[in-house]
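Survey of secondary and tertiary structure
As a plain string of letters, each chain reads:
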Amino acid sequence: MSLYAVVGNPIEHSKSPQIHQLFAEQTGQDLEYLAIKVEAGGFAAFISKYFADGGKGLNVTVPFKEAAFALADYHAPRAALAKSVNTLFIGDEETLHGDNTDGIGLVNDLQQNNSVSIQGNRILMLGAGGAIRGALAELVNHQPASITILNRTLSKAEQLVSEFGGLIDMRARDYGSFDETEFDLIINGTSLSLTGELPELEKSVLAGNTCCYDMMYGIEDTVFVAWAKHNGAALALDGLGMLVEQAAVSFSIWRGVHPDTAPVIAALRP
Ligand code: ATR
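As the structure is a computational prediction, the values presented were derived from the model and not from experiment. (Residues numbered from 1 in each chain as written. Predicted model: local features only at pLDDT ≥ 70, side-chain atom pairs only at ≥ 80, totals over all residues. Heavy atoms only, no water.)

1. Focus on the sheet that holds strand β12 (residues 235–237)
- Taken in spatial order, the six strands line up as β9-β8-β7-β10-β11-β12 in an open sheet, and their pairing is parallel. The two strands at the open ends of the sheet, each matched to only one other strand, are β9 (170–173) and β12. On average, each strand axis in the sheet is tilted by 15° relative to the strand beside it, whichever way the strands run.
- Packed onto the sheet, helix α7 (residues 154–164) meets β8 (146–150) and β9 and runs at close to 170° relative to β9.
- On the sheet, helix α8 (residues 223–230) packs against β7 (122–126), β10 (183–188), β11 (206–214) and β12 and is oriented at approximately 165° with respect to β11. (Pairing = 2+ DSSP bridges. Helix = DSSP H or I, 4+ residues; strand = E, 2+ residues; numbered from the N terminus. Axes fitted to C-alpha atoms, helices over the stretch in contact; angles between N-to-C directions. Contact = heavy atoms within 4.5 Å.)

2. Here we look at the packing of helix α6 (residues 130–139) against α7
- α7 packs onto α6 with a crossing angle of 20° between their chain directions and a minimal axis gap of 11 Å. In terms of orientation, α6 and α7 fall into the roughly parallel class. For the element pair α6 and α7, the recorded crossing hand is right-handed. Each of Ile132, Arg133, Leu136 and Ala137 in α6 lies in contact with α7, whose residues at this interface are Gln159, Leu160, Glu163 and Phe164.
- Here the residues of the contact of α6 with α7 are counted per class, giving five nonpolar, one polar and two charged. (Parallel < 35°, antiparallel > 145°, perpendicular 65-115°, else oblique. Left-handed = near helix turned anticlockwise from the far one by under 90°. Nonpolar A, V, L, I, M, F, W, Y, C, P; charged D, E, K, R; others polar.)

3. What to know about the site of the ligand
- Taken together, the neighbourhood of the ligand is formed by Gly127, Ala128, Gly129, Gly130, Ala131, Asn151, Arg152, Thr153, Lys156, Thr190, Ser191 and Leu192.
- For the shell around the ligand, the residue count by class is three nonpolar, seven polar and two charged. (Near = heavy atom within 4 Å.)

4. What to know about the nonpolar core
- In this structure, Met125, Leu136, Leu139, Ile147, Ile149 and Ile187 are the most contacted members of the largest nonpolar core, which totals 31 residues.
- Breaking this core down by element, the ones donating at least two residues are α5 (102–114), β7, α6, β8, α7, β9, β10 and β11.
- Per-element accounting of this core gives the leading share, five residues, to α6.
- Contacts of Ile147, omitting those with residues within four sequence positions, involve Ile123, Met125, Leu136, Leu139, Ile168, Asp169, Met170 and Arg171.
- In terms of nonpolar packing, the next biggest core, distinct from the first, is built from 19 residues, Phe23, Leu31, Leu243 and Leu268 among them. (Core = buried A, V, L, I, M, F, W, Y, C linked by side-chain atoms within 4.5 Å. Buried < 20%, exposed > 50% of the residue type's maximum accessible area, 1.4 Å probe, protein only.)

Laid out in structure tokens, this is it:
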């Protein structure tokens, strides 16, 4: 039996073991997938031991994605752009490979599961942390008309524009300098949903067709999803689909088979 795991801290509430178990059953793969908590400072030692003991692959979550990036010997191009790694495995010549499937997970959930296109659309991204960076690494490949990064700390938004803006039309704004309206797609990548807070937003950011997407999810609507529904967004989505889609891409990297995600999303939906 092949061993896989997700490593993070906290990790108790991770849905990844359930998701990968469902993928394994569906595709007839013999594997075990655990959730492992590692203390800050113990990550590098854990990685060496995990793979030395025969682990086949790892998912990495908060707060270790940047540390995983630093440890990997080889980075997939999208992980190099994201500067963070959520998928590890041993590749050729025993090198540690790092990939990042978060951005493609978001794009697959938008495009395939919800028929939301990115090409030609005006996108507003809320936040400028690791979650937004991972999303940008994939979004810039899909020819949006423009991407506005709105963040409390302007310098972090400007940093992302300097890194990704060569490829597409991008602007950085803080809440004081922001005055754009009517976006096609609004993605919340702030950590505010964790504390039940809402980014400061006028209703005028919505147009008739706007999709609002929260990268977080919960049993109840997140505050951003509730705000979007209340203000009449055409579509208000949480991040459960993204979670399953990023897991599916990791699974296919490790196992060479891409699972069908729809029944797994349905099984997890409360
Ligand atoms: P992650 O890796 O999950 O993206 P992060 O890197 O800590 O987490 O980023 C969190 C994001 O939420 C940041 O964009 C942060 O804004 P700052 O760059 O100004 O710190 C944003 N955020 C967190 N608390 C916020 C608040 N009270 N108001 C507005 N934005 C907030």
